[in-house]
Amino acid sequence: MEHQHLLIFIKEQMSHLTKHEKRIAEYFINHPEKTINLSAKELGKLTNTSAASVIRCTHKLDFKGFTDLKLAISRYLPQHEQSIYQEIKQDETVDSISKKLITRASHTLEMTEKNISNESINQIVDQLYNTHTIIVFGVGASSLVAQDLYQKFTRIGKQVIHSLDTHFLATAIASHSKSCVLIGISNSGENKETISLAKVAKKYGVQTVVLTQSEKSTLAKTSDFYLIHDASSEKSLRLAATSSLISQLMTIDILFYSYLSRNYDDHVVTMSKTRDAVELYLE
């Protein structure tokens, strides 16, 4: 097993563990740094289990014992940090670049799942079902995410307005005020255009949903609902945009498919019609 995927491996084995063993495994995943300094007895006490349960859990995870697992975690941690945050170097090989980016992407997706709030997703889906029009906006890489949302929801028959013209969007908010939701996408949560649109939305009583990296951002504070995406790779400035984009796109996918699943059969029919329309156009 590659060390950088150790915690992902443990998470994948959860379904094979007992209730007590799951509690222990969750501690491994959430507190790897603390785990390596604990005895089996101490960990048993922290997880309200026992030293025997800790040993059984490590055996089920294919380790010889708790000490063996702690050694694996200690090897994992420095490589984990290095592989995620290390920058691309001068004349680096394709193989090395691929490994860095794939490791980073794997970590980003894992952290995205951890950051997703089921309650927030469900509340936003409720709001989208109760509104006629979605107005979506993002700048730079976030505009790609806004375009992805526009394409997805349009294919299932939802009316979506997407534009880089903020004056147009401001008038759209005013004219659709009784039946629209504004979705603002900003990695930093400090983009002036997006914040201005959120203020316009508030003025006209339009609900605002934002996708950003921090609940402390200006945009999150001015929103009615927010989704937080992974920003753990921001330590790596040149590659941070790629990680943020992956996390944003995955978060939008989770929102979209949660919406889709509420009325799945009808949405599938609509998607089939839109696909048929494209095929007819291409004939």
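Quick summary incoming for the structure in this document. Bear in mind the structure is a predicted one, so any value in this text is a computation, not a measurement.

Within the protein chain, the secondary structure is distributed over 14 helices and five strands. Along the first, second and third principal axes, the C-alpha set of the protein chain runs to 65 × 45 × 45 Å. Relative to its 283 residues, the protein chain shows a buried fraction of 45%. Sequence-distant contacts, at least 24 apart, represent 67% of the contacts inside the protein chain between residues at least 6 apart. Carbon and sulfur atoms make up 53% of the accessible area of the protein chain, which amounts to about 15,200 Å² in all.

We now examine the packing of helix 10 (residues 166-175) against helix 11 (residues 192-203). Interaxial distance between helix 10 and helix 11 falls to 9 Å at its minimum, and their mutual angle equals 20 degrees. On the basis of their axis angle, the class for helix 10 and helix 11 is roughly parallel. Relative to helix 11, the crossing made by helix 10 is right-handed. Across the interface between the two elements, Thr166, Leu169, Ala170 and Ile173 from helix 10 touch Glu193, Leu197, Val200 and Ala201 from helix 11. Taken together, the residues that form the contact of helix 10 with helix 11 break down as six nonpolar, one polar and one charged.

Of note in the backbone geometry, Asn48 takes a positive phi value of approximately 55 degrees without being a glycine. Along the polypeptide, Asn48 turns up in the loop between helix 4 (40-46) and helix 5 (51-60). At Asp62, a position not held by glycine, the phi torsion is positive, near 70 degrees. Asp62 gets classed as exposed once you look at its relative accessible area, which sits at 64%.

Counted according to the given criterion, the structure contains five aromatic pairs. On the numbers, 5.2 Å between centres and 85 degrees between planes, the contact of Phe153 with Phe256 is edge-to-face. Taken together, the residues span a long stretch of sequence, with Phe153 in helix 9 (residues 141-155) and Phe256 in helix 13 (residues 240-262) at a distance of 103 residues. Owing to a relative accessible area of 0%, Phe153 belongs among the buried residues under this scheme. Taken together, the ring pairs connect Tyr129, Phe153, Phe256, Tyr257 and Tyr259 into an aromatic cluster.

Turning our attention to the nonpolar core. Leu128, Leu149, Phe153 and Ile183 are the most contacted members of the largest nonpolar core, which has 26 residues in total. Elements supplying a minimum of two residues to this core: helix 8 (118-129), strand 1 (133-138), helix 9, strand 3 (180-185), strand 4 (207-212), strand 5 (225-228) and helix 13. For this core, the element with the highest residue contribution is helix 13, accounting for five residues. Once you skip the residues sitting within four places of it in the chain, Ile183 turns out to touch Leu128, Ile134, Ile135, Val136, Phe137, Leu149 and Val209.

Turning to the pairing of strand 2 (residues 159-162), a few remarks are in order. Both strand 1 and strand 2 contribute to a ladder of four bridges, which runs parallel. In the sheet register, Val136 faces strand 2, and the bridge partner there is His162.

In this fold, Thr251 is placed in helix 13. In this structure Thr251 comes out as buried when scored by relative accessible area, which is 0%. Within the structure, Thr251 has its side chain in polar contact with the backbone oxygen of Ser247 (distance 2.8 Å). Setting aside anything within four residues of it in sequence, one finds Thr251 in contact with Thr112, Ile116, Leu211, Leu227 and His229.

This part takes up the pattern of salt bridges. Opposite charge on two side chains permits pairing when their charged atoms draw close. Tallied over the entire structure, the rule returns five salt bridges. Among the salt bridges present, the one from Arg262 reaches Asp126, with a minimum N-O distance of 2.8 Å. In this pair, Arg262 is assigned in helix 13 and Asp126 in helix 8, connecting sequence segments 136 residues apart. Several salt bridges converge on common partners, so that one network encompasses Asp148, Lys152 and Asp253.

What follows is about the packing of helix 2 (residues 19-30) against helix 5. Relative to each other, helix 2 and helix 5 sit at 75 degrees, their axes nearing to 9 Å. As far as their axial angle goes, helix 5 and helix 2 are roughly perpendicular. The residues of helix 5 that touch helix 2, namely those facing Glu21, Ile24, Ala25 and Phe28, are Ser53, Val54, Arg56, Cys57, Thr58 and Lys60. For the contact of helix 2 with helix 5, the residue count by class is five nonpolar, two polar and three charged.

How each quantity is defined
- Residues numbered from 1 in each chain as written.
- Predicted model: local features only at pLDDT ≥ 70, side-chain atom pairs only at ≥ 80, totals over all residues.
- Heavy atoms only, no water.
- Helix = DSSP H or I, 4+ residues; strand = E, 2+ residues; numbered from the N terminus.
- Buried < 20%, exposed > 50% of the residue type's maximum accessible area, 1.4 Å probe, protein only.
- Contact = heavy atoms within 4.5 Å.
- Areas by Shrake-Rupley, 256 points an atom, 1.4 Å probe, with all protein chains shown as cover.
- Axes fitted to C-alpha atoms, helices over the stretch in contact; angles between N-to-C directions.
- Parallel < 35°, antiparallel > 145°, perpendicular 65-115°, else oblique.
- Left-handed = near helix turned anticlockwise from the far one by under 90°.
- Nonpolar A, V, L, I, M, F, W, Y, C, P; charged D, E, K, R; others polar.
- Phe/Tyr/Trp six-rings, centres within 6.5 Å; stacked < 30°, edge-to-face > 60°.
- Core = buried A, V, L, I, M, F, W, Y, C linked by side-chain atoms within 4.5 Å.
- Pairing = 2+ DSSP bridges.
- Polar contact = N/O pair within 3.5 Å; in protein donor to acceptor, adjacent residues only side chain to side chain.
- Salt bridge = Lys/Arg side-chain N within 4 Å of Asp/Glu carboxyl O.

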